[in-house]
Amino acid sequence: MIRRRGPEEGGYYLKKLQDEEDSQSNNGEVPEMTERLFKVIIIGDPTVGKTSFVQRYVQDSFRRDYKGTVGVDFALKILKWSDSETIKLQLWDIAGQERFTWMTRVYYKDAQGCIIMFDLTNRNSFLNTLKWKKDVDSKCTLEDGSPIPCMLLANKCDLPHRQVDQLEIEKLYKDHSFTGWTETSAKEGLMVTDSMRFLVDVMMKQKDDRDEDSNQSSLRLTPADPEKPHGCYC
Ligand code: G3D
Ligand code: MG
């Protein structure tokens, strides 16, 4: 069952709030904060809701830094992850170039996480998620050569007349090694924050694993295996 959530529910704070908090606590001592930067790409067919999703997620801090020539919008979301960790999420929203060209290689470069979105009322956009996944996996890997974590989002779950059922989504997600999947509604703010939180959690765990590995100078490659989010019903 899906619960309606406010966009800021789930422990996220904008940097402004965090700065205020920091200045009020610690009795004037400078807190030791670790800052991590993740690049996350949002891909999928045109009109599935990518831009709406990013706008919903970052809310007021959405910045259209660049649009046009390279066909990419950037947005930045800053999360206070814990008392000692801040995360900067750089969201790359492909804009108007949603096809498989040489462009995507540039777009994917150094991405550490991925959202592949489709529209539940558009079957073609669902079938095309596979092409997007193959495109990402063939052009983009983590430092250790493993695929980047990739969430499958079934957007527009607020609408009737679906063209894709949950069993099909579940099968695609399992067969093609997506990190997780859930239904979302960028329009109504359903599962937007939660799905991003899940992805960040996976990226953080993988990063911790890599840091640990390099500290131990070992070759252990342990893919994170977090609890997967369940599909949700609107
Ligand atoms: P894109 O960035 O993937 O191309 P957009 O998609 O975010 O531009 O959205 C395309 C259209 O879908 C927009 O409608 C937008 O309002 C709508 N949309 C996006 N997400 C949702 C959703 O969750 N539910 C519903 N019902 N509509 C959504 P318009 O009419 O403005 O073109
Ligand atoms: Mg767009």
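Note that the structure is predicted; figures quoted are calculated from it, not measured. (Residues numbered from 1 in each chain as written. Chains lettered and ligands numbered in written order. Predicted model: local features only at pLDDT ≥ 70, side-chain atom pairs only at ≥ 80, totals over all residues. Heavy atoms only, no water.)

Asker: Just to check I follow, could you spell out the pairing of strand E1 (residues 34-44) for this structure?
Answerer: A regular strand places its side chains so that they alternate between the two faces of the sheet. With 8 of its 11 residues buried, E1 lies for the most part within the structure. Sheet topology note: the E1/strand E3 (residues 85-94) ladder contains 9 bridges and is parallel. Bridging across to E3, Thr-34 finds its partner in Glu-85. The pairing of E1 with strand E4 (residues 113-119) spans 5 bridges and is classified as parallel. Bridging from a neighbouring strand, Val-40 pairs with Gly-113 of E4. (Buried < 20%, exposed > 50% of the residue type's maximum accessible area, 1.4 Å probe, protein only. Helix = DSSP H or I, 4+ residues; strand = E, 2+ residues; numbered from the N terminus. Pairing = 2+ DSSP bridges.)

Asker: Mind showing me how you'd approach the packing of aromatic side chains here?
Answerer: In this description, a pair of aromatic rings is defined by centroid distance and the angle of the planes. Using the criterion set out here, one finds 4 aromatic pairs in the structure. A ring pair is formed by Trp-92 and Tyr-107, whose centres lie 6.0 Å apart and whose planes are at 70°; its orientation type is edge-to-face. Note that Trp-92 is positioned in strand E3 and Tyr-107 in helix H3 (residues 103-108), a separation of 15 residues in sequence. The same class applies to Trp-92 as to Tyr-107, namely buried. Within the aromatic cluster, the residues linked to one another by ring pairs are Phe-74, Trp-92, Tyr-107 and Tyr-108. Over the ring of Tyr-57 we find Lys-77; its NZ or CZ atom is 4.8 Å from the centre of that ring. (Phe/Tyr/Trp six-rings, centres within 6.5 Å; stacked < 30°, edge-to-face > 60°. Lys NZ or Arg CZ within 6 Å of the ring centre and 35° of its normal.)

Asker: For this particular structure, what's the right way to read the state of the cysteines?
Answerer: Each disulfide consists of one covalent bond between the sulfur atoms belonging to two cysteines. According to the stated counting rule, one finds 0 disulfides in the structure shown. Cys-140 forms no disulfide, and the closest cysteine sulfur to it belongs to Cys-114, at a distance of 7.9 Å. Given the relative accessible area of 4%, Cys-140 is considered buried. Here Cys-150 is not cross-linked by a disulfide; its sulfur's nearest cysteine counterpart is in Cys-114, at 3.4 Å. By relative accessible area, Cys-150 is classed as buried at 1%. (Disulfide = S-S within 2.5 Å.)

Asker: Can you help me understand the environment of Leu-153 in this one?
Answerer: Along the polypeptide, Leu-153 turns up in strand E5 (residues 150-155). A relative accessible area of 0% means that Leu-153 is categorised as buried. Leu-153 sits 37 residues away from Ile-116 along the chain, and the two C-alpha atoms are 6.1 Å apart. Once residues lying within four places of it in the same chain are set aside, the contact partners of Leu-153 are Phe-53, Ile-115, Ile-116, Met-117, Phe-118, Thr-182, Thr-184 and Ser-195. (Contact = heavy atoms within 4.5 Å.)

Asker: Quick question: what am I supposed to make of the site of ligand 1 here?
Answerer: Taken together, 16 residues lie near ligand 1, and Thr-47, Lys-50, Thr-51, Ser-52 and Asp-158 sit nearest. In this structure, Lys-50 approaches ligand 1 through a side-chain N or O atom, which is 2.8 Å from an oxygen atom. Between Thr-51 and ligand 1, the recorded distance is 2.9 Å, taken from a side-chain N or O atom to an oxygen atom. Coverage of ligand 1 by the protein chains reaches 62% of its 660 Å² of free accessible surface. (Near = heavy atom within 4 Å. Polar contact = N/O pair within 3.5 Å; in protein donor to acceptor, adjacent residues only side chain to side chain. Areas by Shrake-Rupley, 256 points an atom, 1.4 Å probe, with all protein chains shown as cover.)

Asker: What's the story with the pairing of E4 in this structure? I'm lost.
Answerer: In terms of residue burial, E4 counts as a mostly covered element, since 7 of its 7 residues are buried. Burial along E4 is two-sided: Gly-113, Ile-115, Met-117 and Asp-119 facing one way and Cys-114, Ile-116 and Phe-118 facing the other are all buried. Pairing of E4 with E5, which is carried by 6 bridges, proceeds in the parallel orientation. In the sheet register, Phe-118 faces E5, and the bridge partner there is Ala-154.

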